[in-house]
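An overview of the molecular structure
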Amino acid sequence: MTLRTVFFVMLGLLMPSLAQAETKQPNIVFIFSDDHAYQAISAYGDSKKLIETPNIDRIAKEGMRFDRCVVPNSICGPSRATILTGKYSHANGFFNNNNSRFDSTQVTFPKLMQAAGYQTAVIGKWHLVSEPVGFDYWQILPGQGAYYNPPMNDNGKQVKHEGYVTDIISDLSIDWLKKRDKKKPFVLMSQHKAPHREWSPALRHLGHDKDRVYPEPETLFDDYKNRGLAVRDQDMTLEKTFSQLDAKLTVPGSLNAEQRKVWNEYYEPRNEAFRKANPTGKDLIRWRYNRYMHDYLGCIKAVDEAVGKLLKYLDDEGLAENTLVIYSADQGFYLGEHGWFDKRWVFEESLRTPMVARWPGVTKPGSVNGDITSIVDFAQTFLDAANIPAPEGMQGRSLMPLLKGQTPSDWRKSFYYHYYEYPQPHHVRPHYAVVTNRHKLIHFYTPDVDYWELYDREKDPQELRNAFDDPENAAVVVELKKELTRLQKELKVPNPIPEEAYGRSAPMNQGKKK
Ligand code: CA
């Protein structure tokens, strides 16, 4: 018996609830938001103190914070398809938000859990085009959904709600929990639209930051030197891409007359001052950055409140003990780093996504995990937590040992990434990459560009310098290319990639050799 085993046996004796929790099938509450950057969660030790998120932080304090949870394809629909199937985009067929449609005949974790006696529900943002299958109850936003007074689809029936989308999703989630069959375990996927573009806060949060001037990211005025064409040639900057609606210089159409009045009372005087000052150049970018932060963080205020309401419900109903609660988002997001908003890149801010998990008696409170984990692991984790065997073909790995504080010695040390959607929107060129804790080896491939980049996060944490051609990296490049090939083979990445993966109306017109 190793010392480690002795330790856990003793821990087991001291914590009888550990054994109990494992014998009873747990409930699962999966709270999921859209485009929520880890930089905007106080539990992630945000040095800029952008926002306080006490309720999301509570999950971390009472459970585990995952510091390197990454996504396989940093964009909304594909991430959702990955979570349901436990598979990469090339294996579940949902590559992009332009022409992909989720094949709902596939095996998904909700279907398997429903078949095993779980009650299942998905409420909020869905974004997979086809209707949800494998859920006892679903009420979803059509497409991206609206922030104010959103129409929704309630199990096939069109309904319209009055109010703010995050509050509505939160209320519907708790209503479903109240009405559930209390004899059965449940899976609830409570999925927020916020803080997706155009970042429209609840009206009660419009004054939330008292006109604060936000600290700027060091790379707000990135000049993109020392990197290839793809980074320079994107369309996602505060300087060029930020729209009138993004800036709240036009009024969202979904507000009713009364709400519009409140909205105008907040924005109009500030917009008037902006028009009068008429800033240009860096001053204009700074104004946009501050407006962006006000709105984006304002959205997160309501998401955090929604998390608090769900946690309170679990407390009040005595459900907290036997429920695995996860808060995560479909990918990371740029909060002005590199002058950007949006996601898509394998670079850190969009590759990494927040993930905190609480499971009393299983996960040690206040623990932190730094292993490479992914949203592709969620399906197998939920099945494992419920003692349901995962089917062949899922491509992640159960996080259960990690949640128990016991990372297996053969846990992944590298991760495969592949982004497809191009050229619209945002003109981010398709790329695939192998990611380790230190390096990223990236291949950008389109007819006009075909080149590799290497980033060394130890020497260059902000990923500002392509070190692919540095002679001292020659051996690292060889090793990473080998690892990339191994991962592509293991994950059965097709070669060539099917043309429809890119979501274009015209073919990409190239060899498409990986
Ligand atoms: Ca998203």
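Predicted model only: the values in this text are computed from it and were never measured.

**Description of the overall build of the chain**
Along the backbone of the chain there are 14 helices and 15 strands. Computed over C-alpha atoms, the radius of gyration of the chain comes to 23 Å, within 12% of the 24 Å expected from 2.2 N^0.38 for 514 residues, which places it in the range of a compact globule. With respect to the principal axes defined by its C-alpha atoms, the chain has extents near 65 × 65 × 40 Å. Split into buried and exposed, the 514 residues of the chain put 60% on the buried side. Contacts spanning at least 24 positions in sequence make up 69% of the contacts within the chain whose residues lie at least 6 apart. Roughly 20500 Å² of accessible area belongs to the chain as shown, and the carbon and sulfur atoms make up 53% of that amount. Between the mean site of the 67 positive side-chain charges and the mean site of the 66 negative ones, the chain shows a separation of 2 Å.

**Concerning the nonpolar core**
Core analysis: the largest hydrophobic core is formed by 88 residues, its most contacted members being Phe109, Met113, Met189, Leu324, Trp345 and Phe382. Here the element with the most residues in this core is helix H12 (residues 378-385); it accounts for five residues. Every residue in contact with phenylalanine 382, bar those within four places of it in the chain, is listed here: Ile28, Phe30, Phe109, Met113, Leu324 and Ile326. Residues Ile169, Ile174, Ala247 and Ile285 belong to the second largest nonpolar core, which totals 71 residues.

**Concerning the environment of glutamine 380**
With respect to the helices and strands, glutamine 380 occurs in helix H12. Judged by relative accessible area, glutamine 380 falls into the buried class, the value being 12%. Here glutamine 380 is in contact with Gly86, Ala390, Met394, Gln395, Gly396, Arg397 and Ser398, once residues within four sequence places are set aside. Within the local environment of glutamine 380, its side chain forms a polar contact with the backbone oxygen of glycine 396, the two atoms lying 2.9 Å apart.

**Focus: the sheet that holds strand E14 (residues 439-445)**
Ordered by their spatial adjacency, four strands build an open sheet running E12-E13-E14-E15, and the pairing between neighbours is antiparallel. Two strands bound the open sheet, and with one partner strand each, they are strand E12 (414-419) and strand E15 (450-456). Here the strands of the sheet are splayed against their neighbours by 15° on average, with no regard to which way each runs. Pairing of strand E13 (residues 431-436) with E14, which is carried by five bridges, proceeds in the antiparallel orientation. Residue valine 434 lies in a different strand from E14, and its bridge partner there is leucine 441.

**Quick look at unusual backbone geometry**
At the junction of alanine 194 and proline 195, the peptide bond is cis and its omega measures out at -5° in the coordinates. In this structure, proline 423 follows tyrosine 422 across a cis peptide bond, with omega equal to 5°. With respect to the secondary-structure elements, proline 423 resides in the loop between E12 and E13. Phi at lysine 210 is positive, roughly 50°, even though this residue is not glycine. By the secondary structure assignment, lysine 210 is in the loop between strand E7 (186-191) and helix H8 (229-232). Its identity is not glycine, yet histidine 426 carries a phi of approximately 80°, on the positive side. If you trace the backbone, histidine 426 turns up in the loop between E12 and E13.

**A word on the coordination of the calcium ion**
The protein atoms that coordinate the calcium ion are Asp34 (OD), Asp35 (OD), Cys76 (SG), Asp330 (OD), Asp330 (OD) and Gln331 (OE1), at distances of 2.2 to 2.7 Å. Geometry at the calcium ion is irregular, judged from the six donor atoms that bind it and their angles of 52 to 159° at the metal. Donor residues for the calcium ion, ordered by position in the chain, follow D-D-x40-C-x253-D-Q. Of the two residues, aspartate 35 sits in the loop between strand E1 (27-33) and helix H3 (54-62) while cysteine 76 sits in helix H4 (residues 76-85), which places them 41 residues apart along the sequence. Both residues of the pair, aspartate 35 and cysteine 76, belong to the buried class.

**Regarding the packing of H3 against helix H10 (residues 281-316)**
For any two helices packed against each other, the geometry is given by the interaxial angle and the distance between the axes. Running from N to C, H3 and H10 cross one another at 50°; their axes reach a closest spacing of 7 Å. The orientation of H3 relative to H10 falls into the category oblique. Packed against H3, whose contacting residues are Pro54, Asn55, Ile56, Arg58 and Ile59, the element H10 presents Asp304, Glu305, Val307, Gly308, Leu311 and Asp315 at the interface. Class assignment of the residues belonging to the contact of H3 with H10 gives a composition of five nonpolar, two polar and four charged.

**Comments concerning the environment of tyrosine 455**
Mapped onto the fold, tyrosine 455 is located in strand E15. According to the relative accessible area criterion, tyrosine 455 is buried, its value standing at 0%. Considered as a pair, tyrosine 455 and proline 54 are 401 residues apart in the sequence and their alpha carbons are 34 Å apart. Side chain to side chain, tyrosine 455 and glutamate 453 meet in a polar contact 2.6 Å long.

**Side note on the packing of aromatic side chains**
A complete count under the given rule lists 37 aromatic pairs for this structure. Ring geometry for tryptophan 199 against phenylalanine 341: centres 5.5 Å apart, planes inclined by 80°, an arrangement best described as edge-to-face. Highlighted residues: tryptophan 199 in the loop between E7 and H8 and phenylalanine 341 in the loop between strand E8 (323-329) and helix H11 (348-351), separated in sequence by 142 residues. Side by side, tryptophan 199 and phenylalanine 341 carry an identical accessibility label, which is buried.

**Quick notes on H10**
An ideal rise of 1.5 Å per residue puts 52 Å on 36 residues; H10 measures up with 53 Å between its terminal C-alpha atoms. Among the 36 residues that make up H10, 26 are buried, leaving the element largely enclosed by the rest of the structure. Directly after H10, the chain includes glycine 318, whose backbone phi takes a positive value near 65°.

**Remarks on the side chain of asparagine 149**
By the element assignment, asparagine 149 lies in the loop between strand E4 (137-140) and strand E5 (151-154). Residue asparagine 149 is classed as buried on the basis of its relative accessible area, which comes to 3%. Among residues more than four places away in sequence, those in contact with asparagine 149 are Lys160, His161, Glu162, Gly163, Ser254, Leu255, Asn256 and Gln259.

Reading the values: rules and limits
Residues numbered from 1 in each chain as written. Predicted model: local features only at pLDDT ≥ 70, side-chain atom pairs only at ≥ 80, totals over all residues. Heavy atoms only, no water. Helix = DSSP H or I, 4+ residues; strand = E, 2+ residues; numbered from the N terminus. Rg over C-alpha atoms; globule rule 2.2 N^0.38 Å. Buried < 20%, exposed > 50% of the residue type's maximum accessible area, 1.4 Å probe, protein only. Contact = heavy atoms within 4.5 Å. Areas by Shrake-Rupley, 256 points an atom, 1.4 Å probe, with all protein chains shown as cover. Lys, Arg positive; Asp, Glu negative; His and termini not counted. Charge placed at Lys NZ, Arg CZ, Asp CG, Glu CD. Core = buried A, V, L, I, M, F, W, Y, C linked by side-chain atoms within 4.5 Å. Polar contact = N/O pair within 3.5 Å; in protein donor to acceptor, adjacent residues only side chain to side chain. Pairing = 2+ DSSP bridges. Axes fitted to C-alpha atoms, helices over the stretch in contact; angles between N-to-C directions. Donors = N, O, S within 2.8 Å, 3.2 Å for Na, K, Ca; no water. Tetrahedral: all angles 85-135°; square planar, octahedral: opposite > 155°, others 65-115°. Parallel < 35°, antiparallel > 145°, perpendicular 65-115°, else oblique. Nonpolar A, V, L, I, M, F, W, Y, C, P; charged D, E, K, R; others polar. Phe/Tyr/Trp six-rings, centres within 6.5 Å; stacked < 30°, edge-to-face > 60°. Expected span 1.5 Å × (residues − 1).

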